[in-house]
Amino acid sequence: MKTIFDICYNERTNQCLDIYLPEADEFSVFLYFHGGGLVSGDKTNDKNLFNYLASNNIAVVSANYRMYPNAAYPDYLNDAADAVAWMLSNMNKYGKIKGIYIGGSSAGGYISQMLCFDGKWLSKHGITATDISGFIHDAGQPTCHFNVLHERGLDTRKVIIDESAPLYHIGESENYPPMLIIVSDNDLPNRYEQTMLLISTLKQFGYSETVQLKVMHGGHCAYVNTLDKNGHSIFGQLVMEFIESKH
């Protein structure tokens, strides 16, 4: 495995990413956005995931993005779209690309959902969601994110579905690429129920054939940095199985 750290994908805001490359000359690429409630976290946090995928012929691009209190909605979405544009323009320098995938956990899952369902972020770069091979939305909030509510001075427990909510945009596109949606049965309060609403809304609009749901046992994102009895990344295996099923 080869690693390349701190490549700035956005010179305007100095946002950077890290790359974990397999030994092979041909591989899929997984762009990952970390969790942390849009207030914390870092591109280096989930190395068990990155190392596992890179050792299984999947390159990982882990990107930072602006966060509160030094950001406001939608700064982090603009950053994420910039990272996607950089990946599509540059990753072919490192090998032959079999497929491009985007995902994130918790706050990163909210970001990946917004990139998938609200076309305006990627369209600024001439990209659509269907240019991506697949999305992996892990434990993301499909309604208005609780820290967007906090930014507005609202009770963070409120359930609001407006333009800042992934759910709001379902149905705006004729097609979506395949996606894996992951949530825990003992997730954050109301996260499981909101995820089920996301699934049922996708089904209502006729997209269910492209959607896979995986319900994990335990707490919020407890599996993201957990290894199984063989020392393998539990989350990494979910990601790898999804990506390999598309080739």
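Note that this is a predicted model, so its numbers are computed, not measured.

> Could you clarify how one ought to interpret the sheet that holds strand E7 (residues 179-184) in this entry?
Strand pairing in a sheet relies on backbone hydrogen bonds, with the paired strands running either antiparallel or parallel. Read from one edge to the other, the open sheet built from eight strands follows the order E1-E2-E4-E3-E5-E6-E7-E8, with strand pairing classed as mixed. With partners counted over all chains shown, the strands left at the sheet margins are strand E1 (2-10) and strand E8 (211-216), one partner each. Across the sheet, the mean angle separating the axes of adjacent strands is 20 degrees when strand polarity is ignored. Where E7 meets E8, six bridges bridge the pair, whose relative direction is parallel. Across the sheet, residue Ile-182 finds its bridge partner in E8, namely Lys-214. Packing of helix H3 (residues 107-117) onto the sheet brings it into contact with strand E3 (26-33), strand E5 (96-105), strand E6 (134-138) and E7, and relative to E6 it is tilted by some 145 degrees.

> In this structure, what is going on with helix H2 (residues 75-90)? I would like to understand it.
Every α-helix carries 3.6 residues per turn, so stepping three or four residues along brings you back to the same face. For H2, with 16 residues, the first-to-last C-alpha span of 22 Å sits near the 22 Å given by 1.5 Å per residue. Burial of H2 is extensive: 13 of the 16 residues sit out of reach of the surface.

> It is not clear to me how the packing of aromatic side chains should be interpreted in this structure. Could you clarify?
A ring pair, where both rings are aromatic, is described by two values, the distance of the centres and the angle of the planes. Following the criterion strictly, the structure yields 14 aromatic pairs and no others. Centre to centre, the rings of Tyr-32 and Phe-50 are 5.7 Å apart; their planes meet at 70 degrees, and the pair counts as edge-to-face. Here Tyr-32 is found in strand E3, whereas its partner Phe-50 is found in helix H1 (residues 47-55), with 18 residues between them in sequence. For the pair formed by Tyr-32 and Phe-50, the shared burial category is buried. Judged by centre distance (6.3 Å) and plane angle (65 degrees), the ring pair of Tyr-73 and Tyr-76 falls under edge-to-face. By relative accessible area, which is 0% here, Tyr-76 ends up buried. By way of ring pairs, the aromatic residues Phe-5, Tyr-20, Phe-30, Tyr-32, Phe-50, Tyr-223 and Phe-235 are connected into one cluster.

> Honestly, a nonpolar patch on the surface in this entry has me stumped. Any pointers?
Taken together, the side chains of Val-159, Ile-161, Tyr-168 and Leu-197 present a nonpolar region at the surface, about 340 Å² in accessible area. Tracing the sequence through the fold places Ile-161 in the loop between helix H5 (146-151) and helix H6 (166-169). With relative accessibility at 41%, the residue Ile-161 sits in the partly exposed group.

> Any chance you could explain the side chain of Gln-15 here in plain terms?
When you line up the elements, Gln-15 lands in strand E2 (residues 15-21). Within the local environment of Gln-15, its side chain forms a polar contact with the backbone nitrogen of Tyr-65, the two atoms lying 3.4 Å apart. Aside from chain neighbours lying at most four places away, what touches Gln-15 is Ile-7, Cys-8, Tyr-9, Asn-10, Asn-64, Tyr-65, Arg-66 and Asp-79.

> What is the right way to look at unusual backbone geometry in this model?
The phi angle of most residues is negative, glycine excepted, and most peptide bonds adopt the trans form. The step from Tyr-68 to Pro-69 runs through a cis peptide bond, and the omega angle for that step is 5 degrees. With respect to the helices and strands, the residue Pro-69 is situated in the loop between strand E4 (58-63) and H2. The peptide bond linking Tyr-73 to Pro-74 adopts the cis configuration, its omega dihedral lying at 5 degrees. Mapped onto the elements, Pro-74 comes out in the loop between E4 and H2. In this structure, Asn-14 is a non-glycine residue whose phi angle is positive, near 60 degrees. Among the secondary structure elements, Asn-14 is positioned in the loop between E1 and E2. The phi dihedral of Ala-139 falls on the positive side, at around 60 degrees, and the residue is not glycine. Counting through the fold element by element, Ala-139 comes out in the loop between E6 and H5. With a relative accessible area of 1%, Ala-139 lands in the buried category.

> How should the nonpolar core be read in this particular structure?
It is characteristic of soluble globular proteins that their nonpolar side chains tend to be buried jointly. One finds Phe-33, Tyr-76, Met-91, Ile-111, Leu-115 and Leu-202 to be the most contacted residues of the largest nonpolar core, which totals 57 residues. Per-element accounting of this core gives the leading share, nine residues, to H2. By size, the runner-up hydrophobic cluster in this structure holds 25 residues, among which are Ile-136, Ala-139, Val-224 and Ile-243.

> When you look at the environment of Gly-119 in this model, what are you seeing that I'm missing?
Residue position: Gly-119 is located in the loop between H3 and helix H4 (120-123). Residue class for Gly-119 comes out partly exposed when judged on its relative accessible area of 36%. Between the alpha carbons of Gly-119 and Cys-221 there is a distance of 27 Å; along the sequence they are 102 residues apart.

> I tried to follow the packing of H1 against helix H8 (residues 234-244) on my own but got confused; where do I start?
Each pair of packed helices can be summarised by the angle the axes make with each other and by the distance between the axes. As a packed pair, H1 and H8 sit with axes 8 Å apart at the nearest point and diverge in direction by 40 degrees. Between H1 and H8, the crossing angle belongs to the class labelled oblique. Remark: the crossing between H1 and H8 carries right-handed chirality. Contact residues: H1 offers Leu-49, Tyr-52 and Leu-53, while H8 offers Phe-235, Gly-236, Gln-237, Val-239 and Met-240. Counted by class, the contact of H1 with H8 contains six nonpolar, two polar and no charged residues.

The rules behind each value
Residues numbered from 1 in each chain as written. Predicted model: local features only at pLDDT ≥ 70, side-chain atom pairs only at ≥ 80, totals over all residues. Heavy atoms only, no water. Pairing = 2+ DSSP bridges. Helix = DSSP H or I, 4+ residues; strand = E, 2+ residues; numbered from the N terminus. Axes fitted to C-alpha atoms, helices over the stretch in contact; angles between N-to-C directions. Contact = heavy atoms within 4.5 Å. Expected span 1.5 Å × (residues − 1). Buried < 20%, exposed > 50% of the residue type's maximum accessible area, 1.4 Å probe, protein only. Phe/Tyr/Trp six-rings, centres within 6.5 Å; stacked < 30°, edge-to-face > 60°. Patch = residues over 30% accessible without salt bridge, like charges linked within 9 Å, V, L, I, M, F, W, Y side chains within 5 Å. Areas by Shrake-Rupley, 256 points an atom, 1.4 Å probe, with all protein chains shown as cover. Salt bridge = Lys/Arg side-chain N within 4 Å of Asp/Glu carboxyl O. Polar contact = N/O pair within 3.5 Å; in protein donor to acceptor, adjacent residues only side chain to side chain. Core = buried A, V, L, I, M, F, W, Y, C linked by side-chain atoms within 4.5 Å. Parallel < 35°, antiparallel > 145°, perpendicular 65-115°, else oblique. Left-handed = near helix turned anticlockwise from the far one by under 90°. Nonpolar A, V, L, I, M, F, W, Y, C, P; charged D, E, K, R; others polar.

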